[in-house]
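Report on the structure
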Amino acid sequence: MNASTYSYQFRPEKVRSEFFRLLPISLFVVAFGAAFGLAAVQKGLEPLQAILMSFTVFAGASQFAAVDMWGSEVSLIPLIAVVFAINSRHLLMGASLYPMLREMSPGRRYGLLLFLTDANWAVSAQEYQSGKRNLEVILGGGLALWLAWIFGTWLGVYFGGLLQDPKSLGLDMVLGCFLLAMALGGNKSPRTLVAWTVAAISSLAAWKWLPPNTHVVVGALAGGAIGFFWLEKKPDDTVADGETSP
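Scoring rules and cut-offs
Residues numbered from 1 in each chain as written. Predicted model: local features only at pLDDT ≥ 70, side-chain atom pairs only at ≥ 80, totals over all residues. Heavy atoms only, no water. Helix = DSSP H or I, 4+ residues; strand = E, 2+ residues; numbered from the N terminus. Buried < 20%, exposed > 50% of the residue type's maximum accessible area, 1.4 Å probe, protein only. Contact = heavy atoms within 4.5 Å. Areas by Shrake-Rupley, 256 points an atom, 1.4 Å probe, with all protein chains shown as cover. Salt bridge = Lys/Arg side-chain N within 4 Å of Asp/Glu carboxyl O. Expected span 1.5 Å × (residues − 1). UniProt positions renumbered as here; feature names shortened; annotations may be inferred. Axes fitted to C-alpha atoms, helices over the stretch in contact; angles between N-to-C directions. Parallel < 35°, antiparallel > 145°, perpendicular 65-115°, else oblique. Left-handed = near helix turned anticlockwise from the far one by under 90°. Nonpolar A, V, L, I, M, F, W, Y, C, P; charged D, E, K, R; others polar. Phe/Tyr/Trp six-rings, centres within 6.5 Å; stacked < 30°, edge-to-face > 60°. Lys NZ or Arg CZ within 6 Å of the ring centre and 35° of its normal.

A short note on the overall build of the protein chain
Check the secondary structure of the protein chain and you find 14 helices and 0 strands. The order of α-helices and β-strands along the protein chain, N terminus first, is α-α-α-α-α-α-α-α-α-α-α-α-α-α. In the protein chain, which comprises 246 residues, the share counted as buried stands at 36%. Looking at the protein chain alone, contacts between residues at least 24 apart form 77% of all its contacts between residues at least 6 apart. As displayed, the protein chain has an accessible area near 14,500 Å², and 68% of this comes from carbon and sulfur atoms.

Structure below.
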């Protein structure tokens, strides 16, 4: 595929609007960034190391897991395995956006995915179901969340005593409620509702009986299997069937 066939064009004004659209969510990300910064320095990381980790990795749950395993001697293979397990959901998230991503050059495509998070993916995927193409939210919204995560880490490193436990204020529920609202605001066809239900039940079962962090992948695969095997008939297929029937 040559450069002329890459048809997706970013609109700068749309990127800016998506930045401000996810800015409210990013304020809560600051709180968890602060919790990470505090945990990192308590585990022995230097302030600059903790900030650089947030700058380059930008993966909250994985960073907490890595810091939890940190010590004078770090087992590299288990660390890689845990981080991969937590972030493996990004394989499915990226695949769901591929119909849009394939209209970009590989360099821009993979650069964009550096800013992929649960929040901006949910917005983009929900709007794609409604017939809208919105990769600007991955860049604009991702930048807002990334900057908030770095700023929060900086606060936690130097002023961590101000907010040691965001969960005590219920801040851990904010992103979950946001994702639930995006799901409820999307397509409500029987196929979609069954997929969400199966994903939820499978995820809860995996959370109870399988190793930590596997529930995210199990739920995504179970819901994705419903979508793969239950294909909705397109309107033009119905017309074609009507024409060939006696």
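Here the narrative resumes, following the displayed structure.
Thoughts on the pattern of salt bridges
Inspection of the entire model under this criterion finds 6 salt bridges. Note that E18 is salt-bridged to K14, the shortest N-O span being 3.1 Å. In this pair, E18 and K14 are both assigned in helix α1 (residues 12-21), 4 residues apart and thus about one turn of the helix distant. On the basis of relative accessibility, which here comes to 22%, the residue K14 falls in the partly exposed class. With a shortest N-O distance of 2.0 Å, R133 and E103 are connected by a salt bridge. Pair noted here: R133 is in the loop between α9 (118-129) and α10 (136-159) and E103 is in the loop between α7 (98-101) and α8 (106-113), with a separation of 30 residues, a long-range link. Among the charged side chains, a salt-bridge network with shared partners connects K14, E18, R21 and E127.

Overview of helix α2 (residues 23-42)
If you check α2, its first and last C-alpha atoms are 29 Å apart, about what 20 residues at 1.5 Å a residue would give, namely 28 Å. The complete set of buried residues in α2 reads I25, S26, V30, A31, G33, A34, A35, F36, G37, L38 and A40. At the C-terminal side of α2, G44 shows a positive phi close to 110°.

Section: the UniProt feature "transmembrane region" (unreviewed entry) in the protein chain
In this numbering, the UniProt entry assigns the feature "transmembrane region" (unreviewed entry) to residues 20-41, 137-157, 169-186, 193-210 and 216-231. Taken end to end, residues 20-41 has its terminal C-alpha atoms 31 Å apart, with 95% of it in helix and 0% in strand. Taken end to end, residues 137-157 comprises 100% helix and 0% strand; its first and last C-alpha atoms sit 29 Å apart.

Focus on the packing of α9 against α10
Running from N to C, α9 and α10 point in directions that differ by 155°, and their axes come no closer than 9 Å. Here α10 runs roughly antiparallel to α9, going by the angle between their axes. The two elements α9 and α10 cross, and the hand of that crossing is right-handed. Across from A119, N120, W121, V123 and S124 in α9, the residues of α10 making contact are V137, I138, G141, G142 and L145. For the contact of α9 with α10, the residue count by class is 6 nonpolar, 4 polar and no charged.

Some thoughts on the packing of helix α5 (residues 76-87) against helix α6 (residues 89-96)
The description of two helices packed together rests on the angle between their axes and the distance between the axes. For the pair α5 and α6, interaxial distance at closest approach is 5 Å and the crossing angle is 35°. Residues F84, I86 and N87 of α5 form the contact with α6, whose own contacting residues are R89, H90 and L91. Considering only residue class, the contact of α5 with α6 consists of 3 nonpolar, 2 polar and 1 charged.

Quick notes on the packing of aromatic side chains
Using the criterion set out here, one finds 9 aromatic pairs in the structure. With centroids separated by 5.5 Å and ring planes inclined at 65°, the aromatic side chains of Y8 and F10 adopt a geometry described as edge-to-face. Exposure remark for Y8: the relative accessible area of 4% places this residue in the buried category. Relative to Y158, the ring of W154 lies with its centre 6.0 Å away and its plane at 55°, an arrangement referred to as tilted. Of this pair, W154 and Y158 both sit in helix α10, 4 residues apart, roughly one helical turn. By relative accessible area, W154 is classed as partly exposed at 37%. One aromatic cluster in this structure is built from F151, W154, Y158 and F159. Cation over ring: R109 sits above Y110, and NZ or CZ is 6.0 Å from the ring centre.

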